[in-house]
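# Close look at the chain arrangement
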There are 2 protein chains.
Amino acid sequence: MTGFQHQAQTSAALLAALPGWAALQAARPDLDRETVEAILSEAARFAEGRLAPVNGKADVQGCQLVSGRVSAPQGFAEAYQALANDGWIGMDVAEDLGGQGLPVVLHTAAQMLFDRGCTSLMMLAGSSRAASHLLAAHADDAVRADWVPALCSGHSAATICISEPDAGSDVGRIRTRGEKREGIWRITGQKIWISFGDHDMASRLGHCLLARTSDAPGTRGLSLFLVPDTLEDGRRNAIVIERLEEKMGLHGSPTCAMQFEGAEAILIGEEGRGLAQLFTMMEFMRLQTGAQGLGLSLSVADIAAGYIKDRCQGGDPKGQPLPIAAHGDVRRQVMDLSSKAATLHMAVLDLALLLDRIGLEPAPQARAALEAQAAFTLPMIKTFGAETAFETASAAMQVLGGAGYTREWPVEQVLRDSRVLAIYEGTTGMQAQDFLMRRLWREDGAGLKSFLASARNESNQFASSDGCGQLLDALLQDFECLSAEMDGLKTGNARAGEYAAEPYLRAGWIAVSALNAWRLTRLHGQPRLAALGRYRLEQLSGEFSLHAGKCRSASGNLDDLFETAFPPA
Amino acid sequence: MTGFQHQAQTSAALLAALPGWAALQAARPDLDRETVEAILSEAARFAEGRLAPVNGKADVQGCQLVSGRVSAPQGFAEAYQALANDGWIGMDVAEDLGGQGLPVVLHTAAQMLFDRGCTSLMMLAGSSRAASHLLAAHADDAVRADWVPALCSGHSAATICISEPDAGSDVGRIRTRGEKREGIWRITGQKIWISFGDHDMASRLGHCLLARTSDAPGTRGLSLFLVPDTLEDGRRNAIVIERLEEKMGLHGSPTCAMQFEGAEAILIGEEGRGLAQLFTMMEFMRLQTGAQGLGLSLSVADIAAGYIKDRCQGGDPKGQPLPIAAHGDVRRQVMDLSSKAATLHMAVLDLALLLDRIGLEPAPQARAALEAQAAFTLPMIKTFGAETAFETASAAMQVLGGAGYTREWPVEQVLRDSRVLAIYEGTTGMQAQDFLMRRLWREDGAGLKSFLASARNESNQFASSDGCGQLLDALLQDFECLSAEMDGLKTGNARAGEYAAEPYLRAGWIAVSALNAWRLTRLHGQPRLAALGRYRLEQLSGEFSLHAGKCRSASGNLDDLFETAFPPA
């Protein structure tokens with residue numbers, strides 16, 4: 001079985017083992033195990049047959065900006081249209097809007113296969129799908145009907161335009177203006193880091209763009225617009241592609257700097273509510289980033305696991321060399337990286353399923369608890385999907401040695417492609433602030449409580465004598481204690497919180513990893529996953545202590561030390 | 001002051017603070033502080049003025065294999081000749097052989113500046129300098145006189161040829177043969193991963209090559225040869241450059257696969273002693289790798305520290321944005337990466353100085369202790385010089401955000417270039433085996449004992465009330481206890497040792513880092529370095545616990561878990 005098909009089967013097995021799956025199946029009896037397996041197997045076939053073949057070539061060829069327009073790598077347009085024709089782009093968009101009406105979790109399981117095939121191409125599918133959801137939720141009927149089915153069918157494609165030179169993580173400093181003149185909204189300003197800001201893979205492009213429509217400071221003056229690249233009369237809108245960034249990786253995805261020169265635009269939703277509305281889209285993008293990272297992680301983990309069976313080195317010099325899988329040091333490396341990828345696999349599916357369960361939950365209080373839990377989990381999935389991909393690629397390269405450093409193997413591309421995942425869609429620093437200051441401090445840890453309650457509820461249902469339940473319970477307890485301490489910083493020492501936010505996010509991920517690794521240990525029909533879960537679970541308490549220690553030392557003299565080391569000029 | 005000059009000054013300050021410096025100065029009274037500073041300042045000027053300008057272009061242009069010969073990037077030949085003309089290549093080679101007769105530690109401090117300028121070009125200087133030492137030690141008078149001055153002057157250049165397709169880490173499986181026919185040694189076989197295996201930067205190339213001269217198994221049948229690219233009559237030797245590897249980075253350094261087709265060669269030293277003789281060279285290369293990593297680490301640390309003062313984001317949305325250096329999260333990131341680089345800086349210079357002290361020490365027992373300590377330290381400097389470069393580059397990229405992922409900034413090149421450092425010159429896994437199985441087990445921890453004794457001796461000389469001495473003493477103690485446990489595996493559970501070797505190497509690096517970070521805290525005239533040392537020292541006990549925990553759990557069920565997860569086909 002190929003790695004793609006194996007990943008599809010594993011996703012189906014993990015889904016069936018997740019406690020939320022029963023609730024989804026009750027609502028969607030059509031999605032029995034065979035159907036899920038068939039969908040994912042088809043996605044695997046597409047990823048392997050249509051996307052993987054263009055991936056390496058696109059990395060070498062890159063994108064070109066010629067006469068003001070961008071051409072995507074060879075084969076991208078055809079592969080994108082095939083992806084759309086087969087219904088994969090709008091998988092979880094409502095059927096009456098041209099989608100398939102499938103759950104988010106199935107979209108996610110398919111997307112991680114496609115990302116494994118060709119991450120750069122999927123950047124366009126990702127923003128187009130997220131835009132479909134955004135427009136479905138906030139656009140008026142005419143715009144919705146005009147755009148959402150077209151995005152799903154691949155006729156149209158969409159971007160998200162937020163960043164500007166002086167407004168990166170700090171969205172409130174956006175200066176691009178939206179002004180209504182003679183009844184028409186016009187956008188003026190520069191946007192940067194726009195993935196697929198222009199290309200030749202669809203007939204019409206729409207830019208979901210944040211612009212300032214009032215002088216209210218910060219994010220309150222921002223509104224959301226849809227800016228088409230082509231006007232109704234066929235003329236090109238006043239948008240100039242200024243340059244493509246030369247990046248370390250993701251060469252197939254054109255990263256554009258764009259100038260909007262009074263471009264005609266459609267206001268989406270309410271004036272001044274732009275950022276709040278865009279959050280719908282950003283949440284989808286963050287989950288997508290986690291799933292991207294997972295697809296890449298599983299890909300390189302398989303490469304490493306295959307390599308060590310084939311590559312022979314060492315052993316008695318008088319005899320044949322041994323496969324390097326015989327060496328303890330190599331085994332440890334492969335267990336480390338594979339167990340991280342497997343644990344992430346469970347965790348990403350769990351979050352996607354949680355999003356589906358929110359939609360199914362009728363009781364407001366229970367629904368709010370699920371929403372809080374999703375918001376608690378999202379910054380971790382985004383961050384550690386990203387980091388696991390990069391770390392796993394680097395670890396796999398180490399297993400392959402010199403070969404892994406060359407283009408003979410795809411690992412080096414994964415390493416280059418994956419590095420940006422921890423930067424875009426909100427850097428790790430921004431995710432950590434969200435996790436500590438919004439989720440724990442501002443929302444009084446509602447998501448944390450919901451997570452702990454459901455994890456403990458799950459753990460309590462299964463007594464075991466293998467010690468795994470105890471490891472999980474201890475880590476949940478440790479994280480609860482640490483969270484209480486971090487909560488105490490809110491009033492007494494918010495500055496220490498700034499220093500502690502990232503280690504606290506890492507500690508949270510250990511707790512979430514513990515739950516998901518423990519779940520793997522319980523998959524008795526899947527000895528491979530159970531062994532990886534056990535290995536990972538046994539690593540976690542040491543890692544937790546490291547991050548907790550950093551959290552606790554953050555209230556010390558760090559500003560003094562910093563200012564001594566880096567005095568103001 | 002530029003980053004290069006600042007690095008030169010810092011090296012001089014660190015050197016003066018190292019306890020071994022006094023012994024070196026007693027032997028070399030000409031090397032007073034002003035002279036050292038002048039030499040390093042001149043090296044900084046050269047690195048910045050001649051090497052840095054070719055670095056980025058070489059990354060883009062790479063090397064070409066045309067009609068069987070390799071052309072190096074534009075400007076490389078001129079820069080290399082200038083490096084040689086100014087005496088930098090043979091800095092620590094004896095004066096009567098064309099070198100400058102300077103200490104290893106001064107060469108190392110200069111080399112880390114040059115590597116900061118252009119790592120790929122310095123790959124050639126590195127192997128040529130190491131070959132100079134190798135030939136000075138083991139070649140006969142005629143060969144020594146023919147080659148060593150020529151290597152120092154840049155007329156000639158040298159490579160090391162060890163690896164073959166089936167002999168990477170496992171050197172004993174070398175199949176390339178050396179056979180004596182009609183009084184002439186001839187080499188037949190393939191060598192791969194040969195840096196600068198061919199190029200147009202010098203008039204004559206010599207390959208220091210391991211080949212099998214008898215059927216004694218393993219490394220015992222290996223002899224060392226010097227294989228010139230050109231014969232005395234001007235004909236080209238029977239060497240074919242088969243291909244250049246396409247690598248993720250170090251594009252300026254041509255990595256060659258080479259076929260030796262009965263090439264004429266000179267036997268160096270004794271038949272069957274090839275590997276033992278080559279160790280001289282490999283030790284130099286390993287220290288060089290650590291220094292490479294340091295130069296790259298310091299370079300990106302400076303970029304990050306500069307960026308956060310200029311880049312403005314965040315703060316009250318009604319006011320001007322703040323330099324991101326104001327944010328606690330950013331400060332923590334920069335302290336993390338800068339303090340690791342500064343600690344490595346002290347540690348690399350310490351090892352280089354130790355090598356000089358070996359040469360100065362007349363008493364056999366004291367000399368043996370220094371040699372053991374150097375052998376104990378070398379695998380850590382090699383490994384963590386490499387890892388610190390890559391980690392620091394990745395951390396600096398995170399500080400720069402999207403900008404760091406583009407070619408607008410040199411960080412992404414450093415990240416790509418540095419990744420191979422943990423692979424070549426002995427992978428991390430091989431260094432870890434050396435550290436545990438050779439240094440601790442086979443040599444009964446002689447190097448460990450010497451390290452602990454000298455570190456404690458140094459610590460005891462300086463009572464302090466700042467708590468730093470206590471942190472150091474505790475970590476030395478913890479590492480000694482852990483080492484006793486690891487020593488116990490030798491007879492009872494060597495398999496667990498295979499699993500534990502890498503975490504044990506990491507634990508050792510924490511102890512070495514503790515000593516060097518503590519040394520930084522004592523630099524009262526250098527508040528920046530003292531603050532970085534203190535920050536790093538406070539991080540170390542958490543990191544030590546993590547690695548010690550992994551060492552201790554290595555005796556468990558890891559083979560069972562691995563074989564369950566990855567059953568034999």
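Numbering of residues starts from 1 in each chain and follows the order in which that chain's sequence is written. Key to labels: chains lettered from A, ligands numbered from 1, both in the order written. With pLDDT at 70 or above as the cut-off, local features in this predicted model cover only qualifying residues; side-chain atom pairs require 80 or more to be listed or tallied, and sums for whole chains, interfaces and linings still use all residues. Calculated side-chain values reflect all of the structure's heavy atoms, with hydrogen atoms and water omitted.

## Here we look at the domain arrangement of chain A
A common way to express how large an interface is: the accessible area buried when the components associate. Residue and element names in this part refer to chain A. What counts as a domain boundary in this text is fixed by an automatic or database domain assignment. Splitting chain A by domain gives domain 1 (3-153), domain 2 (156-271) and domain 3 (277-297 + 340-391 + 414-558). For domain 1 versus domain 3, the distance between C-alpha centres works out to 25 Å. Residue-level contacts link 37 residues of domain 1 with 34 residues of domain 3. Contact between domain 1 and domain 3 buries roughly 3000 Å² in total, counting both sides, with carbon and sulfur atoms accounting for 73%. Its largest share of buried area at the contact with domain 3, domain 1 owes to L14, L18 and M112, together 19% of the area lost on that side. Just to be clear on terms, a salt bridge is a Lys or Arg side-chain nitrogen sitting within 4 Å of an Asp or Glu carboxyl oxygen. For D59, the salt bridge goes to R416, with nearest N and O atoms at 2.7 Å. In protein, a polar contact means a hydrogen-donor-capable atom and an acceptor-capable atom, both N or O and within 3.5 Å, with residues adjacent in sequence counting only if both atoms are side-chain atoms; elsewhere, any N or O pair within 3.5 Å suffices. There are seven residue pairs in polar contact (both at pLDDT 80 or more) connecting domain 1 and domain 3. Per the convention used, a helix needs a DSSP run of H or I reaching at least four residues, while a strand needs a run of E reaching at least two, with both numbered from the N terminus. Within the residue set of the side of domain 1 that touches domain 3, elements represented by two or more residues are α1 (3-17), α2 (21-27) and α5 (104-138). Residue contributions to the side of domain 1 that touches domain 3 peak at 19 residues, all from α5. Here the side of domain 1 that touches domain 3 is composed, by residue class, of 19 nonpolar, 13 polar and five charged. Contacts are assigned to residue pairs that have any heavy atoms within 4.5 Å of one another. Buried surface area refers to the total accessible area, computed with a probe of radius 1.4 Å, that the two partners give up upon joining, counted for both partners together. Under this grouping Gly is polar, as are all residues other than the nonpolar Ala, Val, Leu, Ile, Met, Phe, Trp, Tyr, Cys and Pro and the charged Asp, Glu, Lys and Arg.

## Some remarks on the environment of G75 of chain A
Residue and element names in this part refer to chain A. Counting through the fold element by element, G75 comes out in the loop between β2 (69-71) and α4 (76-85). For every residue, the accessible area (1.4 Å probe, protein chains only) is compared with the maximum for its type, and the residue is labelled buried under 20%, exposed over 50%, or partly exposed between those bounds. You can call G75 partly exposed: its relative accessible area is 26%. For the pair G75 and L51, spaced 24 residues apart in sequence, the C-alpha to C-alpha distance is 9.2 Å.

## Some remarks on the UniProt feature "domain: Acyl-CoA oxidase/dehydrogenase middle" (unreviewed entry) in chain A
UniProt positions are given in the numbering used here, feature names are shortened, and annotations may be inferred rather than shown by experiment. Mapped onto this numbering, the UniProt entry gives "domain: Acyl-CoA oxidase/dehydrogenase middle" (unreviewed entry) at residues 160-261 of chain A. End-to-end, the C-alpha atoms of residues 160-261 of chain A are 17 Å apart, and along that stretch the chain is 0% helix and 47% strand.

## Observations regarding helix α6 (residues 141-153) of chain A
All names here are of chain A. Taking 1.5 Å per residue, 13 residues should reach 18 Å; α6 reaches 18 Å between its end C-alpha atoms and fits that length. Of the positions making up α6, those classed as buried are V143, R144, W147, V148, A150, L151 and C152. On the buried face of α6, the contacting elements are α4, α5, β3 (156-161), β6 (204-212), β7 (222-228) and β9 (255-268). One or two steps after α6, the chain reaches G154, where phi turns positive at roughly 85°. Residue count minus one, scaled by 1.5 Å, sets the expected span of a helix.

## Remarks on the interface of chain B and chain A
With 89 residues of chain B in contact, the opposing surface of chain A contributes 89 residues. If you look at where chain B meets chain A, you find eight salt bridges. Here R331 of chain B and D559 of chain A are joined by a salt bridge, their closest N and O atoms 2.5 Å apart. Our count for the contact surface shared by chain B and chain A stands at 48 residue pairs in polar contact (both at pLDDT 80 or more). Taken together, the elements giving at least two residues each to the side of chain B that touches chain A come down to α7 (274-310), α8 (328-360), α9 (364-400), α10 (411-418), α11 (428-442), α14 (494-521), α15 (527-553) and α16 (558-565) of chain B. At twelve residues, α15 of chain B tops the list of elements feeding residues into the side of chain B that touches chain A. Split by residue class, the side of chain B that touches chain A holds 35 nonpolar, 26 polar and 28 charged.

## Some remarks on the side chain of D198 of chain A
Residues and elements named next belong to chain A. Looking at where D198 falls in the secondary structure, it is placed in the loop between β5 (184-195) and β6. A distance of 2.8 Å separates the side chain of D198 from the side chain of R69, its partner in a polar contact. Polar side-chain contacts of D198 include one of 2.9 Å to the backbone nitrogen of V70. If we ignore the near neighbours within four places in the chain, the residues touching D198 are G68, R69, V70, L205, I241, P254 and C256.

## What to know about the pattern of salt bridges
Evaluated as defined, the whole model comprises 86 salt bridges over all chains. In this structure, a network of salt bridges that share partners links the residues D329, R332 and D336 of chain A together with E387, E502 and R506 of chain B.

## Notes on the packing of aromatic side chains
Residue and element names in this part refer to chain A. Any two rings among Phe, Tyr and Trp, with Trp reduced to its six-membered ring, count as a pair given centres within 6.5 Å; such a pair is stacked if its planes are under 30 degrees apart, edge-to-face if over 60, and tilted if neither. Per the counting criterion, the structure on display carries 25 aromatic pairs over all chains. Following the ring pairs from residue to residue traces out a cluster consisting of F376, F435, F451, F479 and Y504. The residue whose ring lies beneath R204 is W147, and the NZ or CZ to ring-centre distance is 3.6 Å. Working rule: Lys NZ or Arg CZ, within 6 Å of ring centre, within 35 degrees of ring normal, means a charge sits over the ring.

## Some points on the relation of the copies chain B and chain A
In this structure, two copies of a chain are linked by a rotation about an axis accompanied by a shift along it. Least squares is the method for superposing the copies, and the C-alpha atoms it fits come from residues with pLDDT of at least 70 in both. Its rotation angle being 180°, the transformation that places chain B on chain A also includes 0.0 Å of axial translation and leaves an RMSD of 0.0 Å. Accordingly, the operation relating the two chain copies is best matched by a two-fold axis. Among all residues of chain B, the one whose C-alpha sits closest to the rotation axis is L546 of chain B, at a distance of 3.4 Å. The overlap is high: 100% of the interface residues of chain B also sit at the interface in chain A, so the same surface is used on both sides.

## Examining the pairing of strand β9 (residues 255-268) of chain B
Note on strand geometry: in a regular strand, side chains alternate between the two faces of the sheet. Residues and elements named next belong to chain B. Strands pair, by our definition, only if DSSP identifies at least two bridges between them. The sheet contact formed by strand β5 (residues 184-195) and β9 spans nine bridges and is antiparallel. Within β9, the position partnered with R186 by the bridge is E264. In the sheet, strand β7 (residues 222-228) pairs with β9 via three bridges, with the strands oriented antiparallel. Note that in β9 the partner of L226 across the bridge is I266. Sheet topology places strand β8 (residues 239-244) next to β9; five bridges connect them, and they run antiparallel.

## What about the environment of E245 of chain A?
Residues and elements named next belong to chain A. Along the polypeptide, E245 turns up in the loop between β8 (239-244) and β9. The exposure class of E245 is buried, given its relative accessible area of 10%. Along the primary structure E245 and S195 are separated by 50 residues, whereas in three dimensions their C-alpha atoms are 10.0 Å apart. Reaching out from E245, the side chain makes a polar contact with the side chain of R243 at a distance of 2.9 Å.

## Looking at the packing of helix α15 (residues 527-553) of chain A against α15 of chain B
Between α15 of chain A and α15 of chain B, the least distance of the axes is 9 Å, while the angle of their chain directions is 180°. When the axes of α15 of chain A and α15 of chain B are compared, the pair comes out roughly antiparallel. Contacts between α15 of chain A and α15 of chain B involve Q539, G542, E543, L546 and K550 of chain A from the first element and Q539, G542, E543, L546 and K550 of chain B from the second. Looking at the contact of α15 of chain A with α15 of chain B, its residues break down into two nonpolar, four polar and four charged. Whenever a helix is involved, its axis is fitted only over the stretch in contact; in every case the axis is a line through C-alpha atoms, and angles between N-to-C directions fall within 0 to 180 degrees. With respect to orientation, any angle under 35 degrees is reported as roughly parallel, any angle over 145 as roughly antiparallel, any angle of 65 to 115 as roughly perpendicular, and every other angle as oblique.

## Description of unusual backbone geometry
Residues and elements named next belong to chain B. Phi at L250 takes a positive value of approximately 50°, unusual for a residue other than glycine. Along the chain, L250 turns up in the loop between β8 and β9. For L250, a relative accessible area of 3% puts it in the buried group. Positive phi outside glycine occurs at D444, with the angle close to 55°. Along the polypeptide, D444 turns up in the loop between α11 and α12 (446-460). On the accessibility criterion, D444 (47% relative accessible area) is partly exposed.

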